[in-house]
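Listed below, chain by chain, are the residues.
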Amino acid sequence: MGRRIIFTVTNDLAFDQRMQRICGSLAAAGYAVTLVGRLKNDSRSLTNQPYQQVRLKHMLFSKGKLFYLEFNIRLLFYLLFVRTDAICSIDLDTALPGILVAKLRKKYHIFDAHELFTHVPEVERRKRVQAVWSWVQRFTFKHTDSAYTVGPAIAEYFEGLYHRPVKVVRNMPIATDLMTQAQDSTAPNPFAWLGDRRFILYQGALNEGRGLEALIEAMKSIPCELVLAGEGDLSQALRDQVAKAELQDKIHFLGMIAPHQLPLLTPMAYLGFNVSENVGLSYYLSLNNKFFDYTQARLPSLVNPYPEYTKLLSDFQVGLPTEPNAASIIANANRVLGDVSLHGALRAACEAAALSWQWDIEQQALLSIYQQLLPNHP
């Protein structure tokens, strides 16, 4: 058996594509990997994976300060009594128990920042809460053995703040051959009812700052349908907005979609949507899964006009930079919908980018991090 690594998250393991890829790659490289999360009341059954999956059950609290306190205490006791060679904390909300146990047991600790946690909107606007998480962040970077994150801009931010190297493992998807996938698929497609419709697709959390209110408003003036794949804090508010605008016939909520089903849905869309609002430094410096997922599905998209995306669009023009307001969304969506040659050019750029922006290439950065810190001899 290879060296043991435990990854810790606070979310539901069933929908975390990044962790499924990371854990899968390290398991394939011979590491004995365990991914620890939580069991929610509406959690779906886990799919079989080449690594162990553990859900902390019977949580008394599901959100807020008491949830984080309870989860961290329970995670602390779990980590104290399980065999491992290294603990990787995903984001700040699992960092303290990971570092404390690693120090106590003389194990390695790794920190994987999926976002700039201290600057997400719900933290940034609450200064006392932000101060607490900023302390946790300083403590984490002082005591972790290695750190990496999802994009160069966030890595540069951390390096400037804490004067230590932070590596980058971007959220690249597993490469797909759409023609082969279509030919090999024998299972019924649950999204077949969308087959003859032209629609814009948003996949991801229905949360604050994702530009979704502006998108729904814009759909009054865009001659196609909209599909929203995901749930979140704004789930009910967005449904209420659609009902109030009487757009139920052209805007469809699919709920949570399992990662293995997304490749069936994403290529069916005509245009993807990835236009967050500048409501915090985390969003401004972000580099989202969906940007690369759209590209791998050869789906042109409306894209954030922020630094990471601007750099990538200069390499491959896979979408149009779009401001997070209804006027800009309407203008660019209608431009793509009304110009077949433009759509074809964007799609061709996606085809070229898909060869480079894929997990088979990106995972080498991940494997290098763990090989340097924890050489594996399976």
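Residues numbered from 1 in each chain as written. Predicted model: local features only at pLDDT ≥ 70, side-chain atom pairs only at ≥ 80, totals over all residues. Heavy atoms only, no water.

Caption draft 1: Molecular detail of the sheet that holds strand 10 (residues 251-255). Spatially, the 6 strands line up as an open sheet ordered 10-9-8-11-12-13, and their pairing is parallel. The two strands at the open ends of the sheet, each matched to only one other strand, are strand 10 and strand 13 (319-321). Direction aside, the axes of adjacent strands within the sheet are offset by 25° on average. Here strand 9 (residues 225-229) pairs with strand 10 via 4 bridges, running parallel. Across the sheet, residue leucine 226 finds its bridge partner in strand 10, namely isoleucine 251. (Pairing = 2+ DSSP bridges. Helix = DSSP H or I, 4+ residues; strand = E, 2+ residues; numbered from the N terminus. Axes fitted to C-alpha atoms, helices over the stretch in contact; angles between N-to-C directions.)

Caption draft 2: Structural view of the packing of aromatic side chains. Taken as a whole and assessed by the stated rule, the structure comprises 18 aromatic pairs. Here phenylalanine 291 and tryptophan 357 contribute two aromatic rings whose centre-to-centre distance is 5.5 Å and whose plane-to-plane angle is 40°, an arrangement assigned as tilted. Of the two residues, phenylalanine 291 sits in helix 12 (residues 289-296) while tryptophan 357 sits in the loop between helix 15 (340-354) and helix 16 (359-373), which places them 66 residues apart along the sequence. Residue phenylalanine 291 is classed as buried on the basis of its relative accessible area, which comes to 0%. Relative accessible area serves as the criterion here: at 5%, tryptophan 357 is assigned to the buried category. Their ring planes at 85° and their centres at 5.4 Å tell us that phenylalanine 316 and tryptophan 357 sit as a pair that is edge-to-face. One end of the pair, phenylalanine 316, is in the loop between helix 13 (307-315) and strand 13; the other, tryptophan 357, is in the loop between helix 15 and helix 16, with 41 residues separating them in the sequence. (Phe/Tyr/Trp six-rings, centres within 6.5 Å; stacked < 30°, edge-to-face > 60°. Buried < 20%, exposed > 50% of the residue type's maximum accessible area, 1.4 Å probe, protein only.)

Caption draft 3: Here's a closer look at the sheet that holds strand 1 (residues 4-8). In spatial order, the strands read 3-2-1-4-5-6-7; together these 7 strands make up an open sheet with parallel pairing. Both edges of this open sheet fall to strand 3 (52-56) and strand 7 (167-168), since each of them pairs with a single strand only. Note: strand 5 (residues 108-113) against strand 6 (residues 146-149), 4 bridges, orientation parallel. In the sheet register, alanine 113 faces strand 6, and the bridge partner there is threonine 149. Taken strand by strand, helix 2 (residues 64-80) contacts strand 1, strand 2 (32-38), strand 3 and strand 4 (86-90), and its axis lies near 150° from that of strand 2. (Contact = heavy atoms within 4.5 Å.)

Caption draft 4: Molecular detail of the pairing of strand 2. Counting buried positions along strand 2 yields 7 of 7 residues, so the element is predominantly enclosed. Covered by surrounding structure in strand 2 are Ala32, Thr34, Val36 and Arg38 together with Val33, Leu35 and Gly37, the residues of both alternating faces. A crossover connection joins strand 1 to the parallel strand 2 through helix 1 (residues 17-28); in handedness this β-α-β unit is right-handed. Inspection of the sheet shows strand 2 paired to strand 3 by 5 bridges, in the parallel sense. Across the sheet, residue leucine 35 finds its bridge partner in strand 3, namely glutamine 53. (Right-handed = clockwise from strand over helix to strand, strands pointing away.)

Caption draft 5: Representation of unusual backbone geometry in the model. Phi is positive for aspartate 91, which is not a glycine, with a value near 65°. Overall, the relative accessible area of 10% leaves aspartate 91 in the buried class. Its identity is not glycine, yet arginine 298 carries a phi of approximately 60°, on the positive side. Within the secondary structure, arginine 298 sits in the loop between helix 12 and strand 12 (301-303).

Caption draft 6: How the structure looks around helix 13. Within the span of helix 13, buried status applies to Glu308, Tyr309, Leu312 and Leu313. Taken down its axis, helix 13 places every buried residue within 125° of arc, on the same side. Tucked inside the fold, the buried residues of helix 13 contact helix 6 (152-162), strand 11 (271-274), helix 12, strand 12 and strand 13. (Arc of directions from axis to C-beta.)

Caption draft 7: Structural detail: the pattern of salt bridges. Enumeration over the complete set of coordinates arrives at 9 salt bridges. A salt bridge links glutamate 362 to arginine 170, with the nearest nitrogen and oxygen atoms 3.1 Å apart. Here glutamate 362, found in helix 16, pairs with arginine 170, found in the loop between strand 7 and helix 7 (178-184); they are 192 residues apart in sequence, far enough to count as distant. On the basis of relative accessibility, which here comes to 9%, the residue glutamate 362 falls in the buried class. Owing to a relative accessible area of 22%, arginine 170 belongs among the partly exposed residues under this scheme. Of the charged contacts in the structure, one is a salt bridge between glutamate 351 and arginine 298, with a shortest N-O distance of 3.4 Å. One end of the pair, glutamate 351, is in helix 15; the other, arginine 298, is in the loop between helix 12 and strand 12, with 53 residues separating them in the sequence. Taking the relative accessible area as the measure of exposure, glutamate 351 reaches 40% and is therefore partly exposed. For arginine 298, a relative accessible area of 7% corresponds to the buried category. (Salt bridge = Lys/Arg side-chain N within 4 Å of Asp/Glu carboxyl O.)

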